[in-house]
Amino acid sequence: MTDALSRADFEARLRRIGAERYHDLHPFHHRLHGGDCSPDEVRAWVINRYYYQHSIPMKDAAFMSRVEDPDLRRAWRSRIEDHDGTETNEGGIRRWLRLAEAVGLDRDYVASCEGVLPATRFAVDAYVRFVRDKSLLEAVAASLTELFAPKIHASRIEGLLQNYAFADDAALSYFRNRLKEAPKDVAFGLAWVLDHADTAEKQDHAARALIFKTDVLWSQLDALWGAYVDPARIPPGAWRPGEGLAPGAEAA
Ligand SMILES: O=C(O)c1cc(C(=O)O)c2c(n1)C(=O)C(=O)c1cc(C(=O)O)[nH]c1-2
């Protein structure tokens, strides 16, 4: 039997997965942040990424429904509030819809999730199912892609502000808020995984869960690229440029 890695070495193994596989490396993000996306490519990204946003609280509720330890549930439940909002916090889902309006989309159209690419649905639904069906350790490990998210959020804010007329503080408030919210989640999640992955076998399971999650993120961008960039082959039923525009917004 192989020995478990030390905490530090196991954390380094997890971080290496991010360095090699996180979706900040995907060409769609380079195109988006570098100002090379057309207005319709940005709209397609906003529509599809909304499906991820709308599913994250369901994923976290699925997780919590399986947790017997009240302390773990207490630590986890702010994730749902961060997205769904509270009396004093607008919440990430409404902030994302503000971004949708800023890029000229009708918020009800985006919230309906009509027009989402089939591959986006498959990938995101697979994540929700993974969290429902796998061990709690694998579910928490899968959330650790968020270790790598602050960097991409910061470069997205900078890139969008620099390159797109729609971008301002209100439109991008989703990302600024995540910069404040995500660190507490990942600090907790990482410590929990390091504490609980105390055998080589559990470490392998956790690492594989993180790899699975990087695939969930990567395949959404592959789907966007194939449908709207090259070869620009939009699957039946998916959003077509000109659809779902906000009243008064112009087709690009
Ligand atoms: O913009 C991004 O690149 C990005 C990535 C991720 C991620 O790594 O899963 C999340 C988010 N954003 C995000 O905003 C968010 O709320 C979030 C929750 C989770 C999760 O798995 O529980 N990931 C992410």
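Structure's up top.
Residues numbered from 1 in each chain as written. Predicted model: local features only at pLDDT ≥ 70, side-chain atom pairs only at ≥ 80, totals over all residues. Heavy atoms only, no water.

### Some thoughts on the site of the ligand
Moving on, step 1. The local shell around the ligand holds 18 residues, among which H23, Y52, Y127, Y174 and K213 are the closest.
Moving on, step 2. Interatomic distance of 2.6 Å between a side-chain N/O atom of Y52 and an oxygen atom of the ligand.
Moving on, step 3. Here R178 contributes a side-chain N or O atom positioned 3.1 Å from an oxygen atom of the ligand.
Moving on, step 4. Relative to its unbound accessible area of 470 Å², the ligand is 99% covered by the protein chains.
Moving on, step 5. Judged by the proximity of its atoms to the pocket grid, the ligand belongs to the largest cavity. (Near = heavy atom within 4 Å. Polar contact = N/O pair within 3.5 Å; in protein donor to acceptor, adjacent residues only side chain to side chain. Areas by Shrake-Rupley, 256 points an atom, 1.4 Å probe, with all protein chains shown as cover. 1 Å grid on protein atoms, 1.4 Å probe; cavity = no way out; pocket = protein on both sides within 12 Å on 5 of 7 lines; lining within 4 Å. Sits in = over half its atoms within 2 Å of the grid points.)

### Some words on the packing of helix 10 (residues 149-163) against helix 11 (residues 173-196)
When two helices pack together, their arrangement is captured by the angle between the axes and the distance separating the axes.
Moving on, step 1. Packing of helix 10 against helix 11 leaves a shortest axis separation of 9 Å and a crossing angle of 155°. When the interaxial angle is binned, helix 10 and helix 11 end up roughly antiparallel. The two elements helix 10 and helix 11 cross, and the hand of that crossing is left-handed. Listed contacts from helix 11 to P150, H153, A154, R156, I157 and L161 of helix 10 are F175, R176, R178 and L179.
Moving on, step 2. Tallied by class, residues from the contact of helix 10 with helix 11 come to 6 nonpolar, 1 polar and 3 charged. (Axes fitted to C-alpha atoms, helices over the stretch in contact; angles between N-to-C directions. Helix = DSSP H or I, 4+ residues; strand = E, 2+ residues; numbered from the N terminus. Parallel < 35°, antiparallel > 145°, perpendicular 65-115°, else oblique. Left-handed = near helix turned anticlockwise from the far one by under 90°. Contact = heavy atoms within 4.5 Å. Nonpolar A, V, L, I, M, F, W, Y, C, P; charged D, E, K, R; others polar.)

### Overview of empty space enclosed by the protein
Moving on, step 1. Scanning the entire structure with this criterion turns up 2 cavities of 30 Å³ or more.
Moving on, step 2. By volume, the largest cavity is sized at about 270 Å³.
Moving on, step 3. R49, Y52, I56, E146 and R178 are, among the 22 residues lining the largest cavity, the residues nearest its centre.
Moving on, step 4. When contributions to the lining of the largest cavity are tallied by element, the ones reaching two or more residues are helix 3 (39-64), helix 5 (78-84), helix 10, helix 11 and helix 12 (200-229).
Moving on, step 5. It is helix 3 that contributes the most residues to the lining of the largest cavity, 6 residues altogether.
Moving on, step 6. Here the lining of the largest cavity is composed, by residue class, of 8 nonpolar, 6 polar and 8 charged.
Moving on, step 7. Estimates place the volume of the second largest cavity at around 130 Å³.
Moving on, step 8. Along the walls of the second largest cavity sit H23, H29, W45, N48, R49, Y52, T120, R156, L217, Q220, L221 and L224, which together make up its complete lining.
Moving on, step 9. Elements that contribute at least two residues to the lining of the second largest cavity include exactly helix 3 and helix 12.
Moving on, step 10. Partitioned by chemical class, the residues of the lining of the second largest cavity number 5 nonpolar, 5 polar and 2 charged. (Points joined across faces, edges and corners; volume = space filled by probe spheres on them.)

### Re the pattern of salt bridges
Moving on, step 1. The final tally for this structure, using the stated rule, is 19 salt bridges.
Moving on, step 2. Its salt-bridge partner being R107, residue E101 comes within 3.8 Å of it at the nearest N-O pair.
Moving on, step 3. In this structure E101 comes out as partly exposed when scored by relative accessible area, which is 38%.
Moving on, step 4. Between D185 and R178 there is a salt bridge, with its nearest N and O atoms 3.9 Å apart. The same class applies to D185 as to R178, namely buried. (Salt bridge = Lys/Arg side-chain N within 4 Å of Asp/Glu carboxyl O. Buried < 20%, exposed > 50% of the residue type's maximum accessible area, 1.4 Å probe, protein only.)

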